[in-house]
Amino acid sequence: MTGATDPFSASIIPFEVPEQMRAFAEKGVSQARESYAKFKDAAESHNGTIEAVFSSASKGANEYTAKLMEFMKANTTAHLDFTQELLGVTSPSDAFALWTGHSKKQLETFQAQAKELAEITQRAATATVEPIKASASKLYPPAA
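Residues numbered from 1 in each chain as written. Predicted model: local features only at pLDDT ≥ 70, side-chain atom pairs only at ≥ 80, totals over all residues. Heavy atoms only, no water.

A. Region of the structure containing the side chain of Gln113. Its location among the elements puts Gln113 in helix 2 (residues 92-139). Judged by its relative accessible area of 9%, Gln113 is buried. Here Gln113 is in contact with Phe71 and Asn75, once residues within four sequence places are set aside. (Helix = DSSP H or I, 4+ residues; strand = E, 2+ residues; numbered from the N terminus. Buried < 20%, exposed > 50% of the residue type's maximum accessible area, 1.4 Å probe, protein only. Contact = heavy atoms within 4.5 Å.)

Structure (structure tokens):
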């Protein structure tokens, strides 16, 4: 049923898009393409930033974990050595002196270890924030 009596036939209803409508539609499509390109560039840039953040955080966590394992080994060895020395003590006063000396030494060791872990944490946090700061400085230049 595609003859002259078909109401949807192109020969019966001539349809032309006015030039103003066509220009408006083309302008809208070009603006949409530009907006999409900007969004795509920003997303790709932010993906790189996120990857850098997680990479830095992972390196910091690995360093922290390795240091914890090192401290655990050293502390365990110190406690085992203390126990072995304690088993060889013959008098209570010698045991008390050994215990006091060991406690003082371990307290100093723990303080030094805590300081070292805090430094590692600070370094890792600073390294993790750097990609974010760099990305933000590109997006938001400092106010004049």
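That covers the picture; the talk isn't over yet.
B. How the structure looks around the pattern of salt bridges. Enumeration according to the criterion identifies four salt bridges in this entry. Close ionic contact of Glu70 with Lys67 constitutes a salt bridge, the shortest N to O distance being 3.4 Å. With Glu70 and Lys67 both in helix 1 (residues 19-87) and three residues apart, the pair spans about one turn of that helix. By relative accessible area, Glu70 is classed as partly exposed at 45%. A salt bridge links Glu116 to Lys67, with the shortest nitrogen-to-oxygen separation between them at 2.8 Å. Residue Glu116 is located in helix 2, and its partner Lys67 is located in helix 1; the two are separated by 49 residues in the primary sequence. Overall, Glu116 belongs to the partly exposed group, its relative accessible area being 29%. Three or more residues joined by partner-sharing salt bridges are found here, namely Lys67, Glu70 and Glu116. (Salt bridge = Lys/Arg side-chain N within 4 Å of Asp/Glu carboxyl O.)

C. How the structure looks around the packing of aromatic side chains. Across all of its chains, the model carries one aromatic pair by this definition. Centre to centre, the rings of Phe82 and Trp99 are 6.1 Å apart; their planes meet at 70°, and the pair counts as edge-to-face. One end of the pair, Phe82, is in helix 1; the other, Trp99, is in helix 2, and 17 residues separate them in sequence. Residue classification places Phe82 among the buried residues on the basis of a relative accessible area of 11%. (Phe/Tyr/Trp six-rings, centres within 6.5 Å; stacked < 30°, edge-to-face > 60°.)

D. Examining the environment of Ala61 more closely. For Ala61, the location among the structural elements is in helix 1. Note on Ala61: relative accessible area 39%, which makes it partly exposed.

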